[in-house]
Amino acid sequence: MGIKAYNVLLYLFLPIIIFFFFLRVLLGKEDKNRFLEKLCFITKARPAGKLVWIHACSVGEVRSSYNIIKNFIKDGYKVLVTTNTYLSSLDVENKFSNNVVHQYLPLDIKFFIKKFLKYWRPTKVILVESEIWPNVIYLANKLEIPLFLIQARFSDSSIKKWSMFGSFFKHLLEKFSLIIPQSFLDKEKLESYTNNKMHIVANLKFSSDIPKFSTKEKNNLQKYLAKRTIISAVSTHKGEEEIIIKQIRSLISKKNILLIIQPRHPDRSNKIISLLKKQNLVFKQRSKKEVPNNTTKVFLFDTFGETGLLMSISNIIILGGTLVSIGGHNPIEAAQFGKCIVVGPYVNKIEEIVNDFLKHKAIKKMKKNEQLNYLLESLIYDKKQLKTLSINAKELTKKYLNTSSFIYKKIESFK
């Protein structure tokens, strides 16, 4: 299949695509105030001057690109950031007030992307991780705009899907001026599909900034936490809360232990509340400005943008996305806070990072979820082990190079 066949298929299925898109809007799965941006209704003015376009799918991917964005701004660029999700739009707008414009990525329909590129006129297009959009790539290349794929990562399942269109995938990859895989495993996968040689491997998440938080808020919360051991499940997905509660219910029944749950998507809070009520667990809710007391067993941290605050008050962090087959989220932030990190068996998205942490005794990994209670108990009552894991995690983050500056210089060398 080539780009022409791809576009023919898109046009044939366009009514169905549009139908499902509006169905998502009705179901509340799209930003109700800005969903038309995905149909290429442009709502922001293009700032004057040279502009770079960076596209990342959701919160994790866009956060990993923040230091590169800062480098572009420092050198006088204006930056257009596109994402696919509502939470990522909030994250961009909270992080940057000047020199950065956020829009949702339009559907990859040829006339949408043509209009989009004509309006924004980027000098460079940077795609993050596995964001392969054929019309974006072909049309930018046709306009001789340098294309970059950074933090490149493809799961086995996505590679398998692309392999069905081997020559098409190869042609897409060869449109990039530079591809930087995030791991040697990804380098090996990608090089088998393209003649592009990838001499650089770099993971932006290694040099992500430590999340900021209010010291005042931290001190206020700690008044209510007294001397309790705080176990925080960070960025949890559907199914993980049930697993955690089932496994450690007896542990959190003890007076000196508090479980904090921070869902990856705070709009899931009602379902989590239903679970907690069903289990007769006394809980408090952060979004309602409630604070835990001595009888509180679970503190639901259902707010956005407070990961730094949560990590700062935690003793042990269970990393979300690792107890179900999501593949895991970035452990670097927790390590930067010097926290003891626990991951489940599903770490395919962060495998090389986890292996490095395991090598340096800076993380605990379960082979199966049923080990969670035993593992947490051993950490809580073995203070020496808990402290060693925390120190090793923080020390390990110091060894990583500033990959953001390194990648930025490589991109800037292409004119």
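Every value quoted in this text rests on a predicted model; they were computed, and no experiment measured them.

A. Region of interest: the overall build of the chain. Summing up its helical and strand segments, the chain has 18 helices and 13 strands in all. The C-alpha radius of gyration computed for the chain amounts to 22 Å, which stays within 12% of the reference 22 Å derived for 415 residues, consistent with globular compactness. Each principal axis of the C-alpha atoms in the chain carries an extent, and together these give about 65 × 45 × 40 Å. Counting over 415 residues, the chain shows a buried share of 56%. Considering only contacts within the chain whose residues lie at least 6 apart along the sequence, 68% involve residues at least 24 apart. As displayed, the chain offers around 19700 Å² of accessible surface, 55% of which is attributable to carbon and sulfur atoms.

B. Representation of unusual backbone geometry within the structure. Located in the positive-phi region is Ala-226, a residue other than glycine, with phi close to 45°. Turning to its location among the elements, Ala-226 is positioned in the loop between helix 10 (215-225) and strand 7 (229-236). Unlike most non-glycine residues, Lys-361 shows phi in positive territory, near 50°. Considering the arrangement of structural elements, one finds Lys-361 in the loop between helix 15 (351-359) and strand 13 (364-365).

C. Here's a closer look at the sheet that holds strand 5 (residues 147-152). Here we have six strands laid out as an open sheet, ordered 3-2-1-4-5-6, and parallel in their pairing. With one partner strand each, in any of the chains shown, strand 3 (100-104) and strand 6 (178-181) form the two edges of the open sheet. Averaged over all pairs of adjacent strands, the angle between their axes in this sheet comes to 20°, without regard to strand direction.

D. Expanded view of the packing of helix 16 (residues 372-381) against helix 17 (residues 383-398). Their axes nearest at 5 Å, the elements helix 16 and helix 17 cross at an angle of 95°. Regarding the angle of helix 16 to helix 17, the classification is roughly perpendicular. Of the residues in helix 17, those touching helix 16 at Ser-378, Leu-379, Ile-380 and Tyr-381 are Lys-383, Gln-385, Leu-386 and Leu-389. Partitioned by chemical class, the residues of the contact of helix 16 with helix 17 number five nonpolar, two polar and one charged.

E. Layout of the side chain of Asn-369. One can find Asn-369 in the loop between strand 13 and helix 16. The exposure class of Asn-369 is buried, given its relative accessible area of 12%. Polar contacts involving the side chain of Asn-369 include one to the main-chain carbonyl oxygen of Leu-323, which spans 3.0 Å. If we ignore the near neighbours within four places in the chain, the residues touching Asn-369 are Ile-243, Gln-247, Leu-323, Gly-344 and Pro-345.

What counts and how
Residues numbered from 1 in each chain as written. Predicted model: local features only at pLDDT ≥ 70, side-chain atom pairs only at ≥ 80, totals over all residues. Heavy atoms only, no water. Helix = DSSP H or I, 4+ residues; strand = E, 2+ residues; numbered from the N terminus. Rg over C-alpha atoms; globule rule 2.2 N^0.38 Å. Buried < 20%, exposed > 50% of the residue type's maximum accessible area, 1.4 Å probe, protein only. Contact = heavy atoms within 4.5 Å. Areas by Shrake-Rupley, 256 points an atom, 1.4 Å probe, with all protein chains shown as cover. Pairing = 2+ DSSP bridges. Axes fitted to C-alpha atoms, helices over the stretch in contact; angles between N-to-C directions. Parallel < 35°, antiparallel > 145°, perpendicular 65-115°, else oblique. Nonpolar A, V, L, I, M, F, W, Y, C, P; charged D, E, K, R; others polar. Polar contact = N/O pair within 3.5 Å; in protein donor to acceptor, adjacent residues only side chain to side chain.

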